[in-house]
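Residue-level listing of the chains:
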Amino acid sequence: MTWVNDVVQGLLLGGLYALFATGLSLMFGVMRLVNLAHGDLSIVAAFVALAIVDAVPVNPLWTLLVVVPLMFGVGYLLQRGMLNFALRGADPLPPVLVTFGLSIIIQNLLLEVFSADSQGLDAGRIEDASIRISDRLAVGWFPLLTLVVGIAVLAGLQLVISRTRLGRAFRATSDDQETARLMGIDDRNVYAVATGIALATVAVAGIFLGIRTTFTPSVGPTRLIFAFEAVVIGGLGSIWGTLAGGLVLGVAQTLGAQISPGWGVLAGHLVFLAVLAFRPTGLLGRTVPA
Amino acid sequence: MSATREAAVAAPALRVQRATLASRVGLILGLLAVALLAAGPLWVLDSVLRTLISFFTLLALATMWNLLAGYAGLVSIGQQAYVGLGAYGLLFFADTLGLNLFLSVLIAGLVGALVAIPTAALAFRLRGGYFAIGTWVIAEVYRLVVSNVSQLGGGSGLTLRAASEYDRTARLFATYELALAVGVGAVVVAYVLLRRRLGLALTAIRDAEASAQSLGVHVFRTKFLVYLVAAFGCSLAGAVIYLNLLRVQPEAAFSVNWTAFMIFIVVIGGVGTIEGPIIGTIVFFVLQETLSGYGAWYLVLLGAVAVLVTLLARRGLWGLVADRTGWSLFPVQRRLQDLHPSEGR
């Protein structure tokens, strides 16, 4: 019955992927912007947390209090100072080129500042503690916490989008930017807040990644790819689809790795391609990828 | 109104102009330059020939990426898939099957084009930025599959053995001529394609996709064709690159850096112009030679320049030149020339 354990571990891993996918999904939903530096920005958050922990000996989980607001600010300024300009006009080229350039800049800056060494965040006992359910099945506290935080972030975002004034502005600009502007919505500000929130979730994801495993300046693109796969598998434009996509991806990778260690990531890719081929709207999505 | 009717009945008052003075001068100078370069082995140092091999292969890659992104709106971040497939295709046909080394380069290119068919069928379901990441994921799939095939050397790769059967100098010269042919060929193919129906169709799609479709332009088929041509070109270039390097490794052959270089070259030189990738490749090489000592800072600078050019000077260096001078070395547009300007049109 080891596969039960694999599925459970896969679901827990999927919690982390959902956390990574949230911000990507939000930015695409609000402004049709695909941020190719998404993964690299999560690694920036992990390195900032590392620098804080090196300077002040605290549990890395406390750094969330500093890094999350910081990354919100970074996102806000990034959108106002750069990405809004890339979004002018209907040409799809500039947003892709600008965020790809940003990704290369971030990776190489991190490489110069922190070197190519593997780093990790040490959160102490919680990393190894687990709940033993049976001889063959144990649930780690930290992966469980990650999944719970992932669900909480997605639920919180869902509440913001459906219940608040800000959420209404998100939906309005998403539906029709011109009309939203006529109704007195400052779309540049709305976009900046959306990117700020997206990067705040990315900061959480980056720090949880750093605690769970090691990271280097060059692992950002892999994070972007997993986040993207979770979004597409789940279905574009569906918050709960993003969670489902993350979980499916996590399970696929864990089961694939059981067949052969080299096949874990590949199995995830193949599930993604299968969804693209046979169900392009994703598991819970309503719209076709656009 | 009357002028139009006269024009229809009497001698044509308008002529479609397809060449410019700059393009005629450019053609002659270009042919001279290609002839001189083709004679390169006679008058150029071997070390310079090696640099020129990577110059021409990068020019081919950049030109293909420009065709995709600049003309067909297909912003691929997965062209490394074809560089890798070209490299491994060469390895497979030359070493495993024992075919002629240089014939294997051509077959490797065709294999890339063949693989592009299912790839496009999947990737074309995504658009814009998601198309970009989608192509990247598919390139990763090819890398992981190749890494898991032990006959192809697995994760640590293989060395091209068939190359050792040839004399070192003869192989260098042949590789150089192949690289030159691939580089110049890429530019010529792009130019010819864009001057024909395909160019008109692409322009129409770029300006208004829905309208173009309603007027009978096959949007899917047009983009698909461009994707196949780019896959063939990149695979061919990949095979020539590894014919020069000899050592093939999945991490390097399928590295996203190949596409990053294509993007930097095209963006800096001028996206959506045929001259752009040529200028861009020259600038890229000059920067690489002067800044190679600065390590990662070099890539930071390259990234920053690409971002700034995208935001501030959309059509790159060649765009700036063309705006000032009105030059067009590779005119793909059709200009109407008024033969009787006195009629007050």
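Keep in mind it's a predicted model, so treat the numbers as computed, not measured.

> Go over the overall build of chain B, please, and point to the residues and values.
Secondary structure assignment for chain B yields 16 helices and four strands. Considered along the principal axes of its C-alpha atoms, chain B spans approximately 75 × 50 × 40 Å. When contacts within chain B are restricted to residue pairs at least 6 apart in sequence, long-range pairs at least 24 apart make up 79% of them.

> How would you summarise the overall build of chain A if you had to cite specific residues and measurements?
Regarding its fold elements, chain A presents eleven helices and two strands. When the helices and strands of chain A are read in sequence order from the N terminus, they spell out α-α-α-α-β-β-α-α-α-α-α-α-α. In summary, chain A has a C-alpha radius of gyration of 19 Å against a globular reference of 19 Å for 290 residues, a match within 12%. Seen through its principal axes, chain A has C-alpha atoms that stretch 60 × 50 × 35 Å. The burial tally for chain A puts 52% of its 290 residues in the buried class. The long-range share in chain A, meaning contacts at least 24 apart out of those at least 6 apart in sequence, stands at 75%.

> Hey, could you go over the interface of chain B and chain A for me, with residue numbers and the actual values?
Facing the 35 residues of chain B at the interface are 36 residues of chain A. Elements with a minimum of two residues in the side of chain B that touches chain A: helix 7 (128-147), helix 13 (257-269) and helix 15 (296-312) of chain B. For the side of chain B that touches chain A, the class distribution of residues is 25 nonpolar, seven polar and three charged.

> Account for helix 8 (residues 168-195) of chain B, naming residues and giving values.
Between the first and last C-alpha of helix 8 of chain B there are 40 Å, a value that for 28 residues agrees with the 40 Å anticipated at 1.5 Å per step. Among the residues of helix 8 of chain B, B:T175, B:Y176, B:L178, B:A179, B:L180, B:V182, B:G183, B:A186, B:V187, B:A190 and B:L194 are the ones counted as buried.

> Hey, could you go over the packing of helix 3 (residues 64-86) of chain A against helix 8 (residues 187-212) of chain A for me, with residue numbers and the actual values?
When two helices pack together, their arrangement is captured by the angle between the axes and the distance separating the axes. Residue and element names in this part refer to chain A. Contact geometry for helix 3 and helix 8: axes closest at 7 Å, N-to-C directions at 140 degrees. When the axes of helix 3 and helix 8 are compared, the pair comes out oblique. Our pair here, helix 3 against helix 8, has a crossing hand that is right-handed. Here the residues of the contact of helix 3 with helix 8 sort into 20 nonpolar, five polar and two charged.

> Let's hear about the environment of A:G124: which residues, and what values?
Residues and elements named next belong to chain A. When you line up the elements, G124 lands in the loop between helix 4 (93-114) and strand 1 (130-132). Here G124 falls in the exposed class, since 11 other C-beta atoms lie within 10 Å of it. Here the alpha-carbon distance between G124 and L87, two residues 37 residues apart in the chain, equals 43 Å.

> Any details on unusual backbone geometry? Residues and values, ideally.
Phi is positive for A:S115, close to 70 degrees, though the residue is something other than glycine. Here A:S115 shows up in the loop between helix 4 and strand 1. Even without being a glycine, B:L246 presents a positive backbone phi close to 75 degrees. Within the fold, B:L246 resides in the loop between helix 11 (219-245) and strand 3 (247-248). Take B:L246: there are 15 C-beta atoms within 10 Å of it, and that puts it in the partly exposed class.

> A description of helix 15 of chain B should follow, citing residues and the corresponding values.
Its 17 residues give helix 15 of chain B an end-to-end C-alpha distance of 24 Å, which sits within 8% of 24 Å, the value for a rise of 1.5 Å per residue. Buried residues belonging to helix 15 of chain B abut helix 3 and helix 4 of chain A together with helix 13, helix 14 (275-291) and helix 16 (316-325) of chain B.

> Give me the lowdown on the packing of helix 2 (residues 38-55) of chain A against helix 4 of chain A, citing residues and values where you can.
Residue and element names in this part refer to chain A. For the pair helix 2 and helix 4, interaxial distance at closest approach is 9 Å and the crossing angle is 25 degrees. Taken together, the axes of helix 2 and helix 4 are roughly parallel relative to one another. Helix 2 and helix 4 meet at a crossing whose hand is left-handed. Taking contact as the criterion, the partners of D40, L41, I43, V44 and F47 in helix 2 are, on helix 4, S103, I106, Q107, L110 and F114. Taken together, the residues that form the contact of helix 2 with helix 4 break down as seven nonpolar, two polar and one charged.

> Residue-level account of the confidence of the model for chain A, with values.
Here chain A averages 91 in pLDDT, while 98% of its residues score no lower than 70. Mean pLDDT across the elements of chain A bottoms out in strand 1 of chain A (86) and peaks in helix 2 of chain A (96).

> Lay out the environment of A:A155 in plain terms, naming residues and giving numbers.
Residues and elements named next belong to chain A. In this structure, A155 sits in helix 5 (residues 141-163). The exposure class assigned to A155 is partly exposed, which follows from the 13 C-beta atoms found within 10 Å. Sequence separation between A155 and W240 is 85 residues, and the spatial gap between their C-alpha atoms is 8.4 Å.

> Kindly report on the environment of B:G154, identifying the contributing residues and their values.
Note on placement: B:G154 falls in the loop between helix 7 and strand 2 (158-159). Along the primary structure B:G154 and B:P250 are separated by 96 residues, whereas in three dimensions their C-alpha atoms are 7.9 Å apart.

> How would you explain the confidence of the model for chain B if you had to name every residue and give the values?
Close inspection of predicted coordinates is inappropriate for parts of the model with low pLDDT. Within chain B, residue pLDDT values average 89, and 95% of them lie at 70 or more. In the model output, the complex is listed with pTM 0.91 alongside ipTM 0.91.

Conventions and cut-offs
- Residues numbered from 1 in each chain as written.
- Chains lettered and ligands numbered in written order.
- Predicted model: local features only at pLDDT ≥ 70, side-chain atom pairs only at ≥ 80, totals over all residues.
- Helix = DSSP H or I, 4+ residues; strand = E, 2+ residues; numbered from the N terminus.
- Contact = placed C-beta atoms within 7 Å.
- Rg over C-alpha atoms; globule rule 2.2 N^0.38 Å.
- Buried ≥ 20, exposed ≤ 12 C-beta atoms within 10 Å, placed from the backbone.
- Nonpolar A, V, L, I, M, F, W, Y, C, P; charged D, E, K, R; others polar.
- Expected span 1.5 Å × (residues − 1).
- Axes fitted to C-alpha atoms, helices over the stretch in contact; angles between N-to-C directions.
- Parallel < 35°, antiparallel > 145°, perpendicular 65-115°, else oblique.
- Left-handed = near helix turned anticlockwise from the far one by under 90°.
- pLDDT = per-residue confidence, 0-100.

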